[in-house]
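For reference, the chains in residue letters:
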Amino acid sequence: MKISGYRVIKGKEQFNHTFGGVNWKTPVCVNCLAPMHLIFCFDLTDPRLNGHYKVKLESLPLVTCLNCSGYWAPQVFQLDPIANAITIVKQTDVEHWIMEDEDKLPVPLPLSNVKLIPLTKKDILLDDLDNDESFTLFGSEYICRLLGPPLFATDKIQKRCSSCSKEMQYIATVCSEDYDSEGLIHEGFSFHIGESFIFFYLCTDCLRLETEMQSTS
Ligand SMILES: [Zn+2]
Ligand SMILES: [Zn+2]
């Protein structure tokens with residue numbers, strides 16, 4: 001089944017999709033010892049998002065710590081919709097690098113409303129074309145792609161749930177905004193995570209959320 005994909009951009013719409021804020025309680029990062037970032041939170045009453053999440057979840061959080069090397073290696077989180085809390089199941093980081101204080105992104109990230117607009121043809125990488133334009137637009141016009149085909153910077157990622165072994169569902173990818181297009185997601189705010197693309201996957205049965213990072217540098 002082909003699932004439509006969306007650019008996530010600054011702006012208000014009828015559904016309560018957000019960047020930043022504290023809609024979910026995030027775990028404390030085991031490396032830099034600060035609470036992790038809630039990057040985005042998607043309102044699953046939105047019929048454009050896959051209906052079967054609604055069984056157990058009202059909203060879908062994208063979480064990681066952006067201030068250290070924690071997200072450079074795969075991470076596994078457990079979502080608890082009753083407590084509205086996220087816990088760490090596994091962090092595989094071995095670098096243990098922590099960003100300088102003056103460069104750190106605030107926790108929580110500033111809250112803003114975001115809206116979904118359909119991915120354009122230019123946002124979708126065709127297998128048989130060397131299409132750099134998709135990568136140029138990602139980061140210069142928007143910093144989060146939700147559902148649809150992922151834009152892999154290197155190898156294709158396929159994930160199996162660490163709990164039930166079923167194939168996980170691709171959710172979203174987050175990247176930095178270019179320095180000359182700051183404020184894409186929150187007025188007056190710069191969102192930078194280097195050359196990283198952070199991919200998010202969900203097991204809809206176990207409510208496990210997993211991340212994996214790829215880099216273009
Ligand atoms: Zn951290
Ligand atoms: Zn599972």
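Going by the structure above, here's the rest.
These numbers were taken from a predicted model, which means no experiment stands behind them.

## Points about the environment of phenylalanine 152
And then number 1: Checked against the element boundaries, phenylalanine 152 lands in the loop between strand S8 (144–147) and strand S9 (169–175).
And then number 2: The spatial distance from the C-alpha of phenylalanine 152 to the C-alpha of isoleucine 198 is 10.0 Å, given a sequence separation of 46 residues.
And then number 3: The contacts of phenylalanine 152, once residues within four sequence positions are left out, are Phe135, Ile157, Phe199, Tyr201 and Gln214.

## Describing the packing of aromatic side chains
Aromatic rings considered in pairs are described by the distance between their centres and by the relative angle of their planes.
And then number 1: On inspection of all chains with the given rule, the structure shows 10 aromatic pairs.
And then number 2: Centre to centre, the rings of tyrosine 170 and tyrosine 201 are 5.7 Å apart; their planes meet at 65 degrees, and the pair counts as edge-to-face. Here tyrosine 201 lies in strand S10 (residues 196–203) and tyrosine 170 lies in strand S9, a separation of 31 residues in the sequence. Tyrosine 201 shares its class with tyrosine 170; the two are buried.
And then number 3: Ring pairing ties together the aromatic residues Phe19, Phe40, Phe42, Phe189 and Phe191, which thus form one cluster.

## Remarks on the coordination of the zinc ion (ligand 1)
And then number 1: The coordination sphere of the zinc ion (ligand 1), as far as protein atoms go, consists of Cys29 (SG), Cys32 (SG), Cys65 (SG) and Cys68 (SG), spread over 2.2 to 2.4 Å.
And then number 2: Here the zinc ion (ligand 1) binds 4 donor atoms, and the angle range of 95 to 123 degrees at the metal identifies the geometry as tetrahedral.
And then number 3: Binding-site remark: the zinc ion (ligand 1) is held by donors from one chain whose sequence spacing is C-x2-C-x32-C-x2-C. With cysteine 32 in the loop between strand S2 (18–19) and strand S3 (37–43) and cysteine 68 in the loop between strand S4 (59–64) and strand S5 (75–80), the pair connects residues that are 36 residues apart, well separated along the chain.
And then number 4: By relative accessible area, cysteine 68 is classed as buried at 1%.

## A few points about the coordination of the zinc ion (ligand 2)
And then number 1: Ligation of the zinc ion (ligand 2) by protein atoms is provided by Cys161 (SG), Cys164 (SG), Cys203 (SG) and Cys206 (SG), these donors lying 2.3 to 2.4 Å from the ion.
And then number 2: For the zinc ion (ligand 2), the 4 donor atoms in the first shell make angles of 105 to 114 degrees at the metal, so the coordination geometry reads as tetrahedral.
And then number 3: Mapping the donors of the zinc ion (ligand 2) onto the primary sequence gives the spacing C-x2-C-x38-C-x2-C. Of the two residues, cysteine 164 sits in the loop between S8 and S9 while cysteine 203 sits in strand S10, which places them 39 residues apart along the sequence.

## Some details on the environment of proline 149
And then number 1: In this fold, proline 149 is placed in the loop between S8 and S9.
And then number 2: Classification of proline 149 by relative accessible area gives partly exposed; the value is 34%.
And then number 3: C-alpha separation for the pair proline 149 and leucine 125, spaced 24 residues apart in sequence, amounts to 8.2 Å.
And then number 4: Dropping the residues within four chain positions of it, proline 149 is found in contact with Leu119, Ile124 and Tyr170.

## What to know about unusual backbone geometry
And then number 1: The omega torsion across valine 107 and proline 108 is -5 degrees, close enough to zero to call that bond cis.
And then number 2: Relative to the helices and strands, proline 108 is located in the loop between strand S6 (85–91) and strand S7 (112–118).
And then number 3: Non-glycine residue histidine 96 carries a positive phi angle of around 50 degrees.
And then number 4: Inspection of the secondary structure assignment puts histidine 96 in the loop between S6 and S7.
And then number 5: By relative accessible area, which is 51% here, histidine 96 ends up exposed.
And then number 6: Unusually for a residue other than glycine, serine 165 sits at a positive phi of about 70 degrees.
And then number 7: Examined against the element boundaries, serine 165 turns out to sit in the loop between S8 and S9.
And then number 8: For serine 165, a relative accessible area of 47% corresponds to the partly exposed category.

Definitions and limits used
- Residues numbered from 1 in each chain as written.
- Chains lettered and ligands numbered in written order.
- Predicted model: local features only at pLDDT ≥ 70, side-chain atom pairs only at ≥ 80, totals over all residues.
- Heavy atoms only, no water.
- Helix = DSSP H or I, 4+ residues; strand = E, 2+ residues; numbered from the N terminus.
- Contact = heavy atoms within 4.5 Å.
- Phe/Tyr/Trp six-rings, centres within 6.5 Å; stacked < 30°, edge-to-face > 60°.
- Buried < 20%, exposed > 50% of the residue type's maximum accessible area, 1.4 Å probe, protein only.
- Donors = N, O, S within 2.8 Å, 3.2 Å for Na, K, Ca; no water.
- Tetrahedral: all angles 85-135°; square planar, octahedral: opposite > 155°, others 65-115°.

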